[in-house]
Amino acid sequence: MYCQDERGHPTKLTRTKFSSCRGVSFELNPSPGGPFPLGAAAPPPLPPPDAPSAGRWVWLPLSFSRGSSRIFPSAPESHAVARSRSRASSHFCDLDEEDTDDDESVVDDGADEEMAVVTAAVAVDEVPIKRPGASASAKPASSGRSRLSVILLDQGLFTVYKRLFVLCVALNAAGLALAATGLFPYARRRAAVFAMGNILALTLCRSEAVLRVVFWLAVALLGRPLVPVLVKTGVTAILQSLGGVHSGCGVSSLAWLAYALAQALERRDVTPREVVGVAAAILGLLVLSCMAAFPLVRHLHHNVFERTHRFAGWGALALLWAFVVLSAGYDPATRSYAHLTSIALVKSQELWLAAAITFFTFLPWLTVRRVPVTVTAPSTHASIITFHGGVKAGLLGRISRSPLSEWHAFGIISDGGDTHAMLAGAVGDFTRGLVSDPPSHLWVRSVHFAGLPYLLEMYRSATMVATGSGICVFLSFLMQPGPAELSLVWVAKGIEANYGEEIKAAVSGSERLRGRVIVHDTAAMGRPNVAAMAVGAARRWGAEVVVVTSNPEGSRDVVSACKKAGIPAFGPIWDS
């Protein structure tokens, strides 16, 4: 196929190959026989290296074309677009590394000009083309590596998350060392207070209501033109990596509680056995909770992690109240609980810390509701769940069939009107069940939480990059007005067939993007270099930051490429 460049000269187009990915909240446990396979037809013959090429083929709505470019047919054999049928894949986000596909393919006659527009948004020299007959060694090095190693190791040894973790542990270690040597008498006497202080800190870092306020303040205070981009990106990195504070305070609370228990055992003559027993039980439950959160366990047995983390934490919290009451009411002189009065409890620091921990722990559960939903499935690959009520752009929500068992987070799609929706790629048992057995009601948390996309409004301009159903976290920005100048790069397979007319219309009809959009349908155009597309789009539209929602490998590649190009970029991280 040929197009005209800005000077009216015909230019031959080239194609690359890609496999669609999911990016909302990717599931780490591979699912054999996942329903979103990504076979690709063999690429068509490429033009000679010296052939003129001013642009590349992408999938864009006709209304977004602001120039004079148009499509016209060339030789019959050059304007056929090959489509491939789906095939089993182990993960919604997995890249198809095979060079050929033996499945029967369907040929498109290229007549759909409504969604076929030529653009020079990403120059050919910025997007490496995979040549026919390329050696198998040219495949990405990460193709044989586990997803966990990509998440934990490829993000670097000095990430903000790890720095925050080390900082929390180091500060607590210093305080613990001073207490043990007698240089910090208060900490030596009240080690349990420091343990509870760490538990309160880690609870606040996971409180969706608290984080919603913190993210709102960040956008309100820093979303001004006078604030340097360096400050904005620094705050974004910290807010995204608060999981490091959560983990660091969790480990530190174990150390302080172990120290308090050791002191109690040294003073067995004045410490009641009940207090020692309760403290030991709390320590055991917290150790169990931390072990369940270990990355390998969390990766291989996520449901075990979620339930153990929740119920062990609740058990420890109940025992914490017993510890507070027993400690405040015990009189060493009489070896009785004669001091167990309301005044003694009110004066206890541990009481107020326990009250704060309890409040912020159960605050999200006070908003749990069972609500009616409408589930539609444009294909067997994804479902759209519709709820009542509009939602602000950038927020995410949690849904569940069994609220005490497991919760699943998804991006929210809303135009701010009377309804909002979630797009769920069918990759796990829960999401596949939404397609095969759509529910009439689901459990939800009424307070939606802010995620990384919420901070887009803090910048003057930003480029959003999504693969597969990762687009859903950005769709609300396309529907609602805002101060930031946004642009979009979306790579997915079979957009209309797999995601439906509504999603396609939301992207193609966005007034906010004003043509700053690249949509690449891999079923028709093959596999592109998403990282190069992101860099090219950010440069073209002058983005201050790039935010990507993809699988671990895809997010890593986009973030790395943008940073090498001097463009701040953020994507999903482990325990973000």
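Residues numbered from 1 in each chain as written. Predicted model: local features only at pLDDT ≥ 70, side-chain atom pairs only at ≥ 80, totals over all residues. Heavy atoms only, no water.

Visitor: Sorry if this is basic, but what is going on with the state of the cysteines here?
Guide: Here a disulfide denotes one covalent bond, and it connects the sulfur atoms of two cysteines. Using the criterion set out here, one finds zero disulfides in the structure. No disulfide involves Cys 249; its sulfur sits 4.3 Å from that of Cys 168, the nearest cysteine. Overall, the relative accessible area of 6% leaves Cys 249 in the buried class. (Disulfide = S-S within 2.5 Å. Buried < 20%, exposed > 50% of the residue type's maximum accessible area, 1.4 Å probe, protein only.)

Visitor: Even after reading the chapter, I still don't get the sheet that holds strand E20 (residues 569-570), so can you show me in this structure?
Guide: Sheet strands associate in pairs through backbone hydrogen bonding, adopting either a parallel or an antiparallel arrangement. The sheet built from five strands is open, its strands ordered E18-E17-E16-E19-E20 with parallel pairing. Where the open sheet ends on each side, the last strands, each with one partner, are strand E18 (517-521) and E20. Two elements, strand E19 (residues 545-549) and E20, share two bridges in a ladder whose sense is parallel. Counted as the bridge partner of Val 547 is Phe 570 from E20. The sheet strands contacting helix H14 (residues 472-479) are strand E16 (461-467), strand E17 (485-492) and E19, and the helix crosses E16 at an angle near 140 degrees. Running over the sheet, helix H18 (residues 552-564) touches E19 and E20 and is turned about 170 degrees from E19. (Pairing = 2+ DSSP bridges. Helix = DSSP H or I, 4+ residues; strand = E, 2+ residues; numbered from the N terminus. Contact = heavy atoms within 4.5 Å. Axes fitted to C-alpha atoms, helices over the stretch in contact; angles between N-to-C directions.)

Visitor: Just to check I follow, could you spell out helix H2 (residues 160-180) for this structure?
Guide: Every α-helical turn comprises 3.6 residues, leaving residues that sit three or four positions apart pointing alike. Over its 21 residues, H2 extends 30 Å from the first C-alpha to the last, a length consistent with the 30 Å expected when each residue adds 1.5 Å. Three or more residues of H2 are buried, namely Tyr 161, Leu 164, Cys 168, Asn 172, Gly 175, Leu 176 and Ala 179. Relative to the axis of H2, the buried residues are bounded by an arc of 100 degrees and lie together on one face. Residues of H2 that are exposed and angled more than 90 degrees away from the buried face: Arg 163 and Val 166. Contact partners of the buried residues in H2: helix H3 (185-189), helix H4 (191-204), helix H6 (229-240) and helix H7 (243-266). Just beyond H2, the residue with positive phi is Gly 182, at close to 85 degrees. (Expected span 1.5 Å × (residues − 1). Arc of directions from axis to C-beta.)

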